[in-house]
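Per-entry structural report
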Amino acid sequence: MPNAKPIAQQTLLTHDQRHEQGAVTPPIYQSSLFTFSDYDSMIARFRGESDQPLYSRVDNPTVKALQDKVAALEGGDACLAFASGMAAISNAILSVVQPGAKVVCVNHVYPDTYRFLRGFCQRFGITTQFVDGDDEAAMAAALPGASLLYLESPSSWVMSEQNLRQLATLARDAGVVTLIDNSWASPIFQQPLLYGIDIVVHSASKYISGHSDVVAGLVIASHQHINNIARHISPFLGGKLSANEASLLMRGLRTLPLRMKQHQQSALQLAEKLRDHPQVSAVCHPGLNPPEWSTLRGYSGLFSFAVTEQVDIPQFCNALQLFHMGVSWGGFESLVMPAISVINQASEFNSAQDFGVSPRLIRISVGLEETDDLWTDLNQALAAATHR
Ligand SMILES: *Cc1c(COP(=O)(O)O)cnc(C)c1O
């Protein structure tokens, strides 16, 4: 066909070829182990001369199908899937650092990543310096001698974006491995490997699952980094994904591009309306004032806003009808979470306190309900909670 348009990359990557028996979805291999037809094939597998599946802690075929799709979506060589985002993050970090290593990490990382670095890693003599992601001079000064630069862009709570091209170059020049938590944007809106970042991690519990029914994590990188994790870290920490969860994530991938478009549209509309609301003093949404170096191709549905002193935050939360109060994000249902909840959290290494998150801040995950209904809900709850 002379003028045929090429099939969109995202269609190719989320579409399935025919499987066994003509099935349109990948089969769920609900099996802990895989047997061998004869002696020689078993010996060959143990010699590393074949890649026949062996045991689901290491290589389940359903999980492998998911990993291949995600590696392609992120533009990486390979992917490993884990039982949670934190399993992906801890495996990836531990694959880079040695005892005595120094990590440089951006401010406002996910709270459990912060605790992992400050608590767990510190026990093994791994120290972390936290740096403002916008401060190029501070980054350049911190990197020499470090093993790992840990990024999360946009970051938790304040949604601040980092200049990935610039930081990847700075780190490479200093011989530092770069790792980014890309959960917020999903591979649809940001592909950090394109800009020279070495390792991408996702909490697939968020947009990739998309339905708040799975806890899972992903690491995407070069064959070298992935083989290092698969040989030296993940078999022993053991937190691999199950076949059933992998199947749910592949279901999520099929609608990921569509869902992300809708999250983007709704959240941008709500962010603009909130910015113009008299009781809102600030809106943290990366799409409102994007820097010219931004590597985001679009914006997801998670952002935060600060309310004035006239707004009673407990009353605001209780007055919401459609928004549920809850942690996590990226699913169908819209969620609200006041920063006070994490500022007052009883836990050591409290990132919200240490990074100075404002107690006036409220985070919302804009779901897939009608945008007008969501605005009506926010607007009425703000009115109900405002006292002059
Ligand atoms: C939720 C989250 C994580 C942790 O993922 P789990 O799947 O809950 O383990 C990591 N990073 C970010 C940015 C998150 O929001």
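These numbers were taken from a predicted model, which means no experiment stands behind them.

Further remarks concern the pairing of strand E2 (residues 102–106). Of all the five residues making up E2, four are buried; the element is thus mostly covered by neighbouring parts of the structure. In the sheet, E2 pairs with strand E3 (residues 127–131) via five bridges, with the strands oriented parallel. Bridge pairing in E3 places Val 103 opposite Thr 128. Each parallel crossover has a hand, and for E2 linked through helix H5 (residues 111–123) to E3 it is right-handed. One ladder, built from three bridges, connects E2 with strand E4 (residues 148–152); its direction is parallel. Counted as the bridge partner of Val 104 is Leu 149 from E4.

Between its first and last C-alpha atoms helix H3 (residues 61–74) spans 20 Å; for 14 residues at 1.5 Å apiece the expected length is 20 Å, and the two agree. Of the residues flanking the start of H3, the one acting as N-cap is Asn 60, its side-chain oxygen 2.8 Å from the backbone nitrogen of Thr 62. Downstream of H3 by a residue or two, Gly 75 has a phi angle that is positive, lying close to 75 degrees.

Okay, the environment of Val 24 next. Along the polypeptide, Val 24 turns up in the loop between helix H1 (9–14) and helix H2 (39–46). Those residues in contact with Val 24, other than ones at most four positions away along the chain, are Asp 16, Gln 17, His 19 and Arg 254.

Here the focus is the nonpolar core. Grouped together as the largest cluster of nonpolar side chains are 92 residues, with contacts concentrated most on Leu 66, Ile 93, Leu 149, Leu 218 and Val 219. In terms of residue count, helix H11 (residues 243–275) provides more of this core than any other element does, seven residues in total. Setting aside residues up to four positions removed in sequence, Leu 149 forms contacts with Val 104, Met 139, Leu 143, Leu 167, Ala 171, Val 176, Val 177, Thr 178 and Leu 179. Judged by nonpolar contacts, the second largest core, of 27 residues, contains Ala 267, Val 311, Phe 323 and Trp 375.

This brings us to helix H7 (residues 164–173). Of all the residues in H7, the buried ones are Leu 164, Leu 167, Ala 168 and Ala 171. For H7, the arc enclosing every buried residue in end-on projection is 100 degrees, short of the 170-degree limit, so these residues lie on one face. Among the structural elements, helix H6 (136–142), E4 and strand E5 (177–181) are those in contact with the buried residues of H7. In the stretch just after H7, Gly 175 is the one whose phi turns positive, near 70 degrees.

A few words now on the sheet that holds strand E12 (residues 361–365). Spatially, E8-E9-E12-E11-E10 is the arrangement adopted by the five strands of the open sheet, whose pairing is mixed. In the strand order of this sheet, the two ends are held by strand E8 (280–284) and strand E10 (324–325), each with one partner. Note: E8 against strand E9 (residues 302–307), four bridges, orientation antiparallel. What sits directly across from Val 280, in E9, is Val 307. Packing of H11 onto the sheet brings it into contact with E8, E9 and E12, and relative to E9 it is tilted by some 10 degrees.

Rules of the game
Residues numbered from 1 in each chain as written. Predicted model: local features only at pLDDT ≥ 70, side-chain atom pairs only at ≥ 80, totals over all residues. Heavy atoms only, no water. Buried < 20%, exposed > 50% of the residue type's maximum accessible area, 1.4 Å probe, protein only. Helix = DSSP H or I, 4+ residues; strand = E, 2+ residues; numbered from the N terminus. Pairing = 2+ DSSP bridges. Right-handed = clockwise from strand over helix to strand, strands pointing away. Expected span 1.5 Å × (residues − 1). Polar contact = N/O pair within 3.5 Å; in protein donor to acceptor, adjacent residues only side chain to side chain. Contact = heavy atoms within 4.5 Å. Core = buried A, V, L, I, M, F, W, Y, C linked by side-chain atoms within 4.5 Å. Arc of directions from axis to C-beta. Axes fitted to C-alpha atoms, helices over the stretch in contact; angles between N-to-C directions.

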